[in-house]
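Fold and contact review
So you can see what is in the structure, the chains are spelled out below.
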Amino acid sequence: MDRVDAPVATGPGGDRMSAPEPKLVCRGVWKVFGHRGDETLRAMGPDPSGDTLSAAGLVPAVRNVDIEVGEGEIFVIMGLSGSGKSTLVRCLSRLIEPTAGEILFQGRNLLAASDSEMIELRRHAMGMVFQHFALLPHMTVADNVAFPLEVQGVSRAERSERAARMIELVGLAGRETAFPRELSGGQQQRVGIARSLAADPELWFLDEPFSALDPLIRREMQDEFMRLQSVLKKTIVFITHDFDEAIRLADRIAIMKSGAIEQVGSPEDIVLNPATSYVREFTGAVSRSKVVKVTRLMGPANGGSPVKTVQENASIADAAPLFNDGTDCVAVTDAQGRVTGHLARPAVIDMMLQG
Amino acid sequence: MTGTVASRPVGPVPAIATSLRLWIPAGLVFVVLWLWGRDVLPWAFDYPRSWVPPVRDWISDAMKWLMNDASLGLFTFREMTRAIAAVIDVPYQIALGLLSGGATVLGVLVSPIGWVGVTAVMGLLGHFAGGWRLAALTSACFGFIAIFGQWTSAMVTLASVLIAVPLGILFGLFLGLAGYRWRGVGRALIPILDLMQTIPVFAYLVPILILFGFGPTSAVIATLIYAMPPMTRITMLALRRVPSDLQDLGHMVGCTPRQMTWRVMIPSAKESLMVGVNQVIMLSLNMVIIASMIGAGGLGFDVLSALRRLDFGAGVEAGFAIVALAIALDRLSQAFADRAQVPLHVHGGFIARHPYLFGGLLTLILSALIGLAYPAVQSYPEAWQISTGTFWSDLVRYININYFDALESVKNFMLLNLLIPFKRLLIGLPWVGVAGLLALSGWCLGGVRLGLLTGGLTVLIASTGLWEEAMITVYLCGLSVVIAMLIGLPIGIAVAMQDSLWRGVRLVIDTMQTLPSFVYLMPAVMLFRVGDFTAMIAVVAYALAPAIRYTVLGLRSVDPSLIEAGRAMGCTPFQILTRIRLKLALPEIMLGLNQTIMFALSMLVITALVGTRDLGQEVYIALTKADPGRGLVAGLCVAAIAIIADRLIQAGAHRSRVRLGLADERANGDS
Ligand SMILES: Nc1ncnc2c1ncn2[C@@H]1O[C@H](COP(=O)(O)OP(=O)(O)OP(=O)(O)O)[C@@H](O)[C@H]1O
Ligand SMILES: [Mg+2]
């Protein structure tokens, strides 16, 4: 399944398929840090404001969050530092207990799972990549990657075979016996990614996986990540504070501000129809042509058969160079190469002029 | 010796202006009471005997009851303790047999591992941990022991260490884990560890002796009590410092709690834990030497009996052997700690994967076989031994003949002009006044709770009826600390800024700190015979290392940009030193003072052997009379003094840190 065809709730791609049951659902989740956060929260009624909670000496890190993540979707949570992204994702993986709310994973209430059920779930269904890599310093790359399998009690032979495959997948073959401190930041995070994939999880959490890396390496890792996802097709919750990264990677973006979600939508949606002034501030600097997909501007495929084609998940900015030589019309194709529509020159020029 | 824990300032701490307004009248009251109060309030000076609760009798009676009547249902308490002793005795006897005594196995007398075997294995260990240089060092140390004829005693000592160290590490680790896992346990452990580390060792030798009987196993148990606390503390600290990311990782890959502990937490904390292991080894060695008094035997016993016979030659030789053993063990364990970060991954057969294990076994077998043919390989021939005993005895005699007057006049001068007057002064102070002043200091530095603690502990000391002994302890300790600081501060200031000098000095003080406290007594006694002055010299020598170390650490950790700023403002080097460096290094220097006091106190108790009249003597007498109550009460007094000093200084250091903007008012440097 190509990511553009993913069953997203909004946006052009999603409407065409009947959306199945979402993989991960999060309803009315609160996380309030501080003494007796739960009692205070309950006492304050259904939706107390952040200020009333702060006044009570509590830190409302996550406030009444509702999200749904579909199967095979890349769901990006974006927000500034301290907006509660990590706290939310830690609630989703139940590393911390939410103060209130409900989290359903494949229709099953995570918060009701017992400790041993949680251990089973995490062993087989969840993987996580950490901002600061969290590699075990006393283990080699191979052992680090095999660690989740070791914990599960997988035999040594199978472990090393699967670890080798993962290391190959992230492009670190040959470095198996190195120790984490002998690797560059980018390489360390590749190890972190390989490890999180070793147990073949269905749900993949990435908490600012590339924030600690240099811009160039970050870009490279983002490409790598997209390549991996095109092969693996996991359900992904990806955290970032970098709006450009969010736009590049996301099927849908949730924008967080002081613990609450401001807007959820596809990158195009967010850029073209920002719901609040806060979201508008982020989107102001983004050039539309990089966000808007060719599918949004294309017309029906009637008359003529243009020589050039463009994939339907390309952005207008990607398609623009095709018109440089004076071409009037380009065919838009889906993943199987079938023509789904035509993109006309004037629409593209309009969009490019808007920035 | 003590990893100390700062007390949190609770309640309002008075501002400096108010505290001045408090101090002046308080000082006046104190002086008035001191000068004219003796006739009016005699009880304020001499704590009345009738007010002393008979705690020591209670303790002694409790011990008697434990030993004679206490029953745990199926078996008596005595049977339990003896059973524990018997269990520990098994591995000890094996180690002893291997290293020193030999054993009869199935009716055949098997000789112990010979000196060549042990030295070679130590060399191999050294090579494994730190390469050729360490290998040379460790085998040289053991060769030295053999050549100077200390082999048998050294192996007895080593056997005790070999048993005490793994037990100490294990218990320390598990206690630390428990303290980490359950906050309540952790909080309860801290004061217990404080006590374990501040009660002088002699004080619990007696109860242990009574519970476990005279002999090496008791020594091992005493060593456990002494060497375990740092491991426990370091375990708790190291586990708390494991990045929370790694814990999250553990949870996310689905670790069970046990996997979390053993696969994630402990391996990640390994580096710090190895520091704890090094501490356990060095403290164990120190204690095994001291525990020769309750039958550990070995080198400590040689030093002790030499001291008693005033046979300096024999004492110095045994002392050097202790030094050699200490250096070898210290460097080995440090090298292992550094190595902890570099695990090896070699594939192949058993020999390829464990070359050192194989080499060690091979060496042992070969040396045993050759030893059968050539006895010189088995036990170092007496004819080859070098004895320096007579040399040292002669040297001491020479010094005493030629420099007797000079040494004696130095000693007398110091005694008459410094030691005795200061002692008189302290003994003459009213305990009520001292308690009041200490309470006031506590309050000013750390709030009401600290004030109550320091005042209360002082009253407690007085209420044991050991006020005078306590004051003698304070006087000896105080003077020694002042002298140690007076020597240590300038040395620290002088070497702090010169890397090469500091490297040399650090090697010296590192080595000094690995030496068991017993060793320091020897030269002091040789030169000045017994008495307070000798004790002071030994204490100063022992306590010098932390004074220098912390001064240097403090001076070196000053932010270089501040010094540049000072230079840019046109400060002279002297101004930079006094206005910037020393000022900013003050908190560290105060912690150094704290450590110096702790070192001094722990050494002071040992100097009871050279005839002081302080609390240490009281403990020591209790030891010789096997009176657990008397020893523990006096020991608790020493602990009280240590805790008062520690808490006051920690609070002071915290305050100065706050004033310098290096810490904020609320958060306390949890150490
Ligand atoms: N254990 C905790 N106890 C108290 N407050 C906490 C705790 N963890 C997080 N917070 C608070 O919750 C808020 C959200 O923190 P969180 O770590 O989720 O932010 P974030 O969006 O991930 O930021 P960053 O981009 O810096 O990682 C912050 O105000 C933080 O101070
Ligand atoms: Mg975060």
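Keep in mind it's a predicted model, so treat the numbers as computed, not measured.

Observations regarding the overall build of chain B
Along chain B, the regular secondary structure elements total 27 helices and 2 strands. Taking 2.2 N^0.38 as the reference for a compact globule, 671 residues should give roughly 26 Å; the C-alpha atoms of chain B span a radius of gyration of 27 Å, in line with that estimate. With the C-alpha coordinates of chain B rotated into their principal frame, the extents come out at 85 × 65 × 60 Å. The burial tally for chain B puts 52% of its 671 residues in the buried class. A separation of at least 24 residues holds for 80% of the contacts in chain B among residues at least 6 apart in sequence. Counting every atom, chain B has about 30600 Å² of accessible surface; 69% of that belongs to carbon and sulfur. Between the centroid of the 45 positive side chains of chain B and the centroid of its 35 negative side chains there is a distance of 6 Å.

With respect to the environment of Arg 181 of chain B
Residue and element names in this part refer to chain B. Relative to the elements of secondary structure, Arg 181 occurs in helix H5 (residues 151-181). For the pair Arg 181 and Leu 601, spaced 420 residues apart in sequence, the C-alpha to C-alpha distance is 33 Å. Excluding anything up to four places from it in sequence, Arg 181 contacts Pro 257 and Thr 261. Reaching out from Arg 181, the side chain makes a polar contact with the side chain of Thr 261 at a distance of 3.0 Å.

Overview of helix H10 (residues 257-268) of chain B
If you check H10 of chain B, its first and last C-alpha atoms are 15 Å apart, about what 12 residues at 1.5 Å a residue would give, namely 16 Å. Of the residues making up H10 of chain B, those classed as buried are Gln 259, Met 260, Thr 261, Val 264, Met 265, Ile 266, Pro 267 and Ser 268 of chain B.

Some remarks on the packing of helix H18 (residues 431-446) of chain B against helix H19 (residues 448-463) of chain B
All names here are of chain B. Two elements in contact, H18 and H19, have axes whose closest approach is 6 Å; the angle formed by their N-to-C orientations is 160 degrees. Taken as axis vectors, H18 and H19 run roughly antiparallel relative to one another. Our pair here, H18 against H19, has a crossing hand that is right-handed. In this structure, H18 uses Trp 431, Val 434, Ala 435, Leu 438, Ala 439, Gly 442, Trp 443 and Gly 446 to contact H19, whose residues at the interface are Val 448, Leu 450, Gly 451, Thr 454, Gly 455, Thr 458, Val 459 and Ala 462. Taken together, the residues of the contact of H18 with H19 break down into 10 nonpolar, 6 polar and no charged.

Let's talk about the interface of chain B and chain A
Taken together, the contact between chain B and chain A spans 19 residues of the former and 25 residues of the latter. Of the roughly 2000 Å² buried between chain B and chain A, counting both surfaces, carbon and sulfur atoms make up 65%. It is Leu 249, Met 252 and Arg 263 of chain B in chain B that bury the most area against chain A; as a group they hold 31% of the surface buried on that side. Run the count over chain B and chain A and you get 2 salt bridges. Residue Arg 263 of chain B pairs with Glu 150 of chain A through a salt bridge whose shortest N-O separation is 3.2 Å. Our enumeration of links across chain B and chain A arrives at 5 residue pairs in polar contact (both at pLDDT 80 or more).

Some thoughts on the side chain of Arg 581 of chain B
Relative to the helices and strands, Arg 581 of chain B resides in helix H25 (residues 573-606). Buried within the structure, Arg 581 of chain B lacks any salt-bridge partner; its nearest side chain of opposite charge belongs to Glu 564 of chain B, at an N-O separation of 9.6 Å.

Examining the pattern of salt bridges
All names here are of chain B. A complete count under the given rule lists 29 salt bridges over all chains for this structure. One salt bridge connects Lys 423 with Asp 532, and the closest N-O pair in it is separated by 3.6 Å. With a gap of 109 residues between them, Lys 423 in helix H17 (residues 389-427) and Asp 532 in helix H23 (residues 532-556) connect regions that are remote in the sequence. Residue classification places Lys 423 among the partly exposed positions, given a relative accessible area of 23%.

Some thoughts on the domain arrangement of chain B
Residues and elements named next belong to chain B. Domain parsing of chain B yields domain 1 (111-147 + 342-384) and domain 2 (153-340). Placing the centre of domain 1 and that of domain 2 at their C-alpha centroids yields a distance of 25 Å. Summed over both sides, the interface between domain 1 and domain 2 buries roughly 1400 Å², with carbon and sulfur atoms accounting for 82% of that surface. Across the contact surface, domain 1 and domain 2 share 0 residue pairs in polar contact (both at pLDDT 80 or more). Classifying every residue of the side of domain 1 that touches domain 2 by side-chain character gives 14 nonpolar, 3 polar and no charged.

Rules used throughout
- Residues numbered from 1 in each chain as written.
- Chains lettered and ligands numbered in written order.
- Predicted model: local features only at pLDDT ≥ 70, side-chain atom pairs only at ≥ 80, totals over all residues.
- Heavy atoms only, no water.
- Helix = DSSP H or I, 4+ residues; strand = E, 2+ residues; numbered from the N terminus.
- Rg over C-alpha atoms; globule rule 2.2 N^0.38 Å.
- Buried < 20%, exposed > 50% of the residue type's maximum accessible area, 1.4 Å probe, protein only.
- Contact = heavy atoms within 4.5 Å.
- Areas by Shrake-Rupley, 256 points an atom, 1.4 Å probe, with all protein chains shown as cover.
- Lys, Arg positive; Asp, Glu negative; His and termini not counted.
- Charge placed at Lys NZ, Arg CZ, Asp CG, Glu CD.
- Polar contact = N/O pair within 3.5 Å; in protein donor to acceptor, adjacent residues only side chain to side chain.
- Expected span 1.5 Å × (residues − 1).
- Axes fitted to C-alpha atoms, helices over the stretch in contact; angles between N-to-C directions.
- Parallel < 35°, antiparallel > 145°, perpendicular 65-115°, else oblique.
- Left-handed = near helix turned anticlockwise from the far one by under 90°.
- Nonpolar A, V, L, I, M, F, W, Y, C, P; charged D, E, K, R; others polar.
- Buried area = accessible area lost by both parts, 1.4 Å probe.
- Salt bridge = Lys/Arg side-chain N within 4 Å of Asp/Glu carboxyl O.
- Domains from an automatic or database assignment.

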